[in-house]
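Residue-level structure breakdown
One-letter residues, chain by chain:
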Amino acid sequence: MRVVNRKAVVVLLVLLPLTAMYFYYWNLNSITTINVLQGPDSLKMILEKRSQSLQHTNDHIPYQIKDDVFNRSLALNGCVCEGNKPGITFPFSKLLFPEISATRLEAMFDDSDLQKAKQYRSKEYQRYRKRAYTAADSLILSEANSPLQYPTQGVEVRPTRSILIPGLSLNQKSEKGPYLVDLIATMGIFSTAAVVDGVQVEGEGEMQIHFMSRSLASLNRQLEFVTYTNTRFHPNTADVVQFKSGAFQASFTVKIRHPPMPKFYNPAPTQEYNVNTLVTIATKTFLRYDKLQDLINSIRQFYPTTTIVIADDTKEPKPVTGPHIEHYIMPFGKGWFAGRNLAISQVTTKYVLWVDDDFIFTSNTKLEKMVDLLEKTTLDLVGGAVREVTGYTATYRHMLSTDAGDEEGDCLHIRTGFHHVIEGFPNCVVTDAVINFFMARTEKIQQVGFDPRLARVGHLGFFIDGLGSLHVGSCNDVIINHASKIKAMLPWGQSDIDKAYSKFRYHSTKETSMNEYDLYYLKNHFQCVTSD
Amino acid sequence: MRSLRKTVLLALVASVVLVLAVLHSWPTRVYSTVDVRYRPGPGAERLLEERLPELDPSASTIPYRVRESVARLLARNGCVCEGESRGVNLPFAQLLFPRVSAHPLHTAFQASQLDEMKKRRAKEYQSFQMRSQTPADLLIVAEANNPLQYPTQGVEVRPLKTILIPGLALKELPRDVYTLNFSASLGTFNVAAEVEGVKVRGDGEMHMTLSSSVLSSLNRQLQFITYTNTLFHPSTADTVQLDTEGHQALFTIKIRHGVTPKLYNTGSDADKEYNISALVTIATKTFLRYDKLQNLIDSIRQYYPTVTIVIADDSEHPKTVSGPYIEHYIMPFGKGWFAGRNLAVSQVTTKYVLWVDDDFIFSANTKLEKLVDVLEKTTLDLVGGAVREATGYTATYRQTISIEAGEEDGDCLHMRRGFHHIIQGFPHCVITDGVINFFLARTDKVQQVGFDPRLARVAHLEFFIDGLGSLHVGSCDDVIVNHATKIKLPWGQSESDKTYAKFRYPPASSDATHTKNGLLYFKNRFQCLTHN
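Residues numbered from 1 in each chain as written. Chains lettered and ligands numbered in written order. Predicted model: local features only at pLDDT ≥ 70, side-chain atom pairs only at ≥ 80, totals over all residues. Heavy atoms only, no water.

Named according to an unreviewed UniProt entry, chain B is Beta-1,4 N-acetylgalactosaminyltransferase originating from Danio rerio. Listed in UniProt under the heading Sequence similarities (unreviewed entry), the comment for chain B reads: "Belongs to the glycosyltransferase 2 family." Quoted verbatim from the Subcellular location (unreviewed entry) heading of the UniProt record, the comment on chain B is "Golgi apparatus membrane". (UniProt positions renumbered as here; feature names shortened; annotations may be inferred.)

An unreviewed UniProt entry annotates chain A as Beta-1,4 N-acetylgalactosaminyltransferase originating from Danio rerio. Under the heading Subunit (unreviewed entry), UniProt records this for chain A: "Homodimer; disulfide-linked."

Looking at the state of the cysteines
Here is the idea: a disulfide is a covalent bond, and it sits between the sulfur atoms of two cysteines. Following the criterion strictly, the structure yields 2 disulfides over all chains and no others. The disulfide partner of Cys428(A) is Cys475(A), and the gap between their sulfur atoms is 2.2 Å. Its S-S torsion of approximately 110° makes the covalent link between Cys428(A) and Cys475(A) right-handed. A residue pair is termed long-range when its members are at least 10 positions apart, and Cys428(A) in strand S27 (residues 425-431) and Cys475(A) in strand S29 (residues 472-482) qualify at 47 residues. Accessibility classification places Cys428(A) together with Cys475(A) in one group, the buried group. Sulfur-sulfur distance for the disulfide between Cys429(B) and Cys476(B) comes to 2.2 Å. (Disulfide = S-S within 2.5 Å. Helix = DSSP H or I, 4+ residues; strand = E, 2+ residues; numbered from the N terminus. Buried < 20%, exposed > 50% of the residue type's maximum accessible area, 1.4 Å probe, protein only.)

Considering the side chain of Thr395(A)
Residue and element names in this part refer to chain A. With respect to the helices and strands, the residue Thr395 is situated in the loop between strand S23 (393-394) and strand S24 (398-406). Residue classification places Thr395 among the buried positions, given a relative accessible area of 17%. In this view, Thr395 contacts Gly384, Ala385, Val434, Ile435, Ser474 and Asn476; residues no more than four positions away in its chain are not counted. (Contact = heavy atoms within 4.5 Å.)

Digging into the sheet that holds strand S5 (residues 148-153) of chain A
If you walk across this open sheet you meet the 3 strands as S8(A)-S5(A)-S4(B), and the pairing is antiparallel. Lying at the two open borders of the sheet, with one neighbouring strand each, are strand S8 (169-170) of chain A together with strand S4 (140-142) of chain B. The pairing of S5(A) with S8(A) spans 2 bridges and is classified as antiparallel. Among the inter-strand pairings, Leu148(A) is bridged to a residue of S8(A), identified as Leu170(A). (Pairing = 2+ DSSP bridges.)

Some thoughts on the pattern of salt bridges
All told, the structure shown has 25 salt bridges over all chains when counted by the stated rule. When the shortest N-O distance is used, the salt bridge between Lys335(B) and Glu326(A) registers 3.1 Å. With Lys335(B) in the loop between strand S19 (326-330) and helix H9 (337-346) and Glu326(A) in strand S19 (residues 325-329), this residue pair bridges two chains. Each member of the pair, Lys335(B) as well as Glu326(A), carries the same accessibility label: buried. Salt bridges sharing partners connect three or more residues here, namely Asp451(A), Arg453(A), Asp465(A) and Lys523(A). (Salt bridge = Lys/Arg side-chain N within 4 Å of Asp/Glu carboxyl O.)

Some points on the sheet that holds strand S16 (residues 248-257) of chain A
Consider a sheet: its strands pair through backbone hydrogen bonds, and that pairing is either parallel or antiparallel. Residue and element names in this part refer to chain A. Across the sheet, which stays open at both edges, the 6 strands sit in the order S6-S16-S15-S9-S13-S12 with mixed pairing between neighbours. Since the sheet does not close on itself, it has two edges, and those belong to strand S6 (156-157) and strand S12 (199-202), each with one partner. Bridge analysis of strand S9 (residues 179-184) against strand S15 (residues 236-245) gives 3 bridges, and the strand direction is antiparallel. Looking at the pairing, Asp182 lines up with Lys244 of S15. Against the sheet, helix H6 (residues 216-223) engages S9, S12, strand S13 (208-213) and S15, with an angle of about 150° to S13. (Axes fitted to C-alpha atoms, helices over the stretch in contact; angles between N-to-C directions.)

A few points about the confidence of the model for chain B
Residues shown with low pLDDT carry predicted positions that ought not to be read at fine detail. Residues and elements named next belong to chain B. Taken residue by residue, chain B gives an average pLDDT of 78. The fraction at 70 or more is 75%. Confidence drops under a pLDDT of 50 for residues 23-32, and excluding neighbours within four residues, the segment shows 8 contacts in the predicted structure. Between residues 36-52, whose pLDDT stays under 50, and residues either more than four places distant or in other chains, the model counts 36 contacts. (pLDDT = per-residue confidence, 0-100.)

Some points on the packing of aromatic side chains
All names here are of chain B. Summed over all chains, the structure comprises 27 aromatic pairs over all chains. Here Phe360 and Phe438 contribute two aromatic rings whose centre-to-centre distance is 6.3 Å and whose plane-to-plane angle is 85°, an arrangement assigned as edge-to-face. Of this pair, Phe360 sits in strand S21 (residues 360-361) while Phe438 is found in the loop between strand S27 (426-432) and strand S28 (439-442), placing the two residues 78 residues apart along the sequence. For Phe360, a relative accessible area of 3% corresponds to the buried category. The class for Phe438 is buried, based on a relative accessible area of 0%. Look at Phe463 and Phe464: their rings are 5.1 Å apart centre to centre, the planes differ by 75°, and that puts the pair in the edge-to-face class. (Phe/Tyr/Trp six-rings, centres within 6.5 Å; stacked < 30°, edge-to-face > 60°.)

See the structure below:
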């Protein structure tokens, strides 16, 4: 009996690993190899060839250019930055008649560094373009008088899933059977979800499927049940399906992607829906603990339980404590945007309010107004106004736009002003960039981020990174005070801390960090910038 | 004379002040009001629904038989999570025969809170949908035998800019007069050139009409139609309606900024070996385990002496961690796991960031160059390695993640062990959706997705769930890091190990698990999940 038990144990020990190996290799059978190397994309070529052949049938008809319209749409080859010619310079001329200035960004580099920088940037940009490309961005034309009916937009499938392709049909006006239809894909396979008598199907479960029938009505019934299954995995891309019948051909895209992932914020379950649970106040400090304490005191006067997040890169940090205060210590001198990025990375509420450490809350600093705007609109960020001791109140509204360029980069244009007034909020406008006092959706601001490569000077860099994804507003009826700079500007009025702060704040050392223009050129692929 | 001079001076000052005041109040631009409140679009969806051409009416009488094997693949209304029934409970059963288990997520909340939670989530979801949906996502079908030629895809304009609309043409049987109507809702039409014999009405407006008695002249004119966006939004789409006698076509013009890249200067020649110090930053999070952290640092320095290491630390009494190329960040006590990770990656300035746990040990098999090579040569955003335990067992923790669309209760989340494809050119690497806690990632992508600081203790796949659809993930089993041994007997634990375990391994019923499931429910809008 004892010998029998031992044998059973030995047999079991041998069988278990064998079984495990069997299951492992069995799973390997269904695995396919995929090419995600950064090579040429054949989808783009298919689409480009097709578009060109449809566009050259009227070359013999003459025309006259309308300069006023044509010049505005001339974005075909390269882009240009031209400033206004410097006119008469007299006091306040900049204020009264703002002039446009242009800056070539490659002028920031030495000649020896420039060639290297161009090479690196060009290589990085090519790779970026390949990662970001999808066939859904290429031009497709619908040919006139084609008997093919098909979806031109709105067809979407999740990666490795199946859909029923909507809207397929053949409407041949004359002719008699048999009727032939082909479907061709490159990232998925076709099948049929139902069977119709009288229709012959070849290529089920393959990238090409072929239908034939003597009855047009039966064929069209069958086309109502064609499925597409994505087989080449990518989390966000598109396939091009070619739809053919005889001499006629059409292309449409099937988007292959996961739907956008929501990121909702739930105020604490046991608390009410109010500013304290919706908003976190974030700030960055360096040396100026007296101003920071003034800020905290002023916040507590109006919002006693709102969380305040402080990023601090002072050399010898002092503790900043109190209820609802989170103080983060950074390595010495890590800098401005790194501190901002750290602070927002720690926010757990739906909205984050950014303030500088030398701001002071007053009864005009009504955060509820900002929350109200963000709750009721599709805006992602809303700026307020900053009041100096002189009474001057600034909103720093700017519009940003880019012109598509060439291999040298795009052109960046910065202008003072805004786009529209917001209906229902007469004190608020839609713009592209605002002042350093704003409330934003936490999820969006974390998505865009403050590039830690900007160590000392930077503001518009954040809004340029957010261009196209941040929808920005600005309201002039939510006002925060700015601690006086006049006193700090007079040499005998400065405290020792103010002097040390100025030394670091207004220091221009090229080696310690990149400046904003370096980033425009190297990171954002701009060649020049205009501003007024 | 002296009195006269004073009078003249005063008059001059008064004049200057008045002129300044007049100039300041002079409106320099006319602004329009824009509605960005949460409202249904201007009927675009309704318009599209009504416009969908009916399928072949003669096909509706044709019978069909459903093929279950294919129809089953299609998304039904709603989604369900069902686990596999548990069979015999054998040792290692889960390892040898992984079974699917299912978890409803609303049980993270008490019954009294659940209704309120559902209401809040539904409201957040509606707002999210209005923010993220555009007419470019709606289905449009190209009608068969339509004499209009037009672009179905690939037409894009930057906000408030102008483009030439490509590919327009009319191919119709001879008639006395040819007429074409254009309609848009977010912009205006115009002509960039004039062709004789073509009459244009409504240029510069949202509705424009062309007519001509010569078809080829009209088609020449159609090569010069411009569209100008006039209502600002950083990322949206307009639907253009094109009409001729008895025929209509719809197509979409995307209105969005050109995507601004975020490139990194790698500082190295493409032909040479990778300069790991310039390309990679190593990030880790620590809590109490300074001995293990020091072992990690020592092992890194053995192979990569000058790579930057970023450490996020939320110990109660932090110790100094210093040395060249080390950045130590102090957090408030117990801020937690994902908050620390988010802080660490927020401070990275290199192109890639390598995530490691503080109890990992680098060895000769930890070849970061291999991971860099994968990311440099593919379109992947993140690539995981393998972690070897003291027993010799090496784990990659590959997971596929998919989401099934649900209804108002939320979607269903499915997680399975495994991967999608092997990567061509990299036989040890695969495409998957989630990997182990040892990975190299593109810094801008990992910052974009972020580690939600609301997850304090128990979390890992949550990052990959948040990144689903934007992160393209790989996993390689030939880059291996060692894991400091976990096999320890109770009397062998140091004091700090015991304290760490108390925080790290909370009971399953604790708040941490509830928080995690609550976030999946509320933040990502899932109703349940399955995994094996």
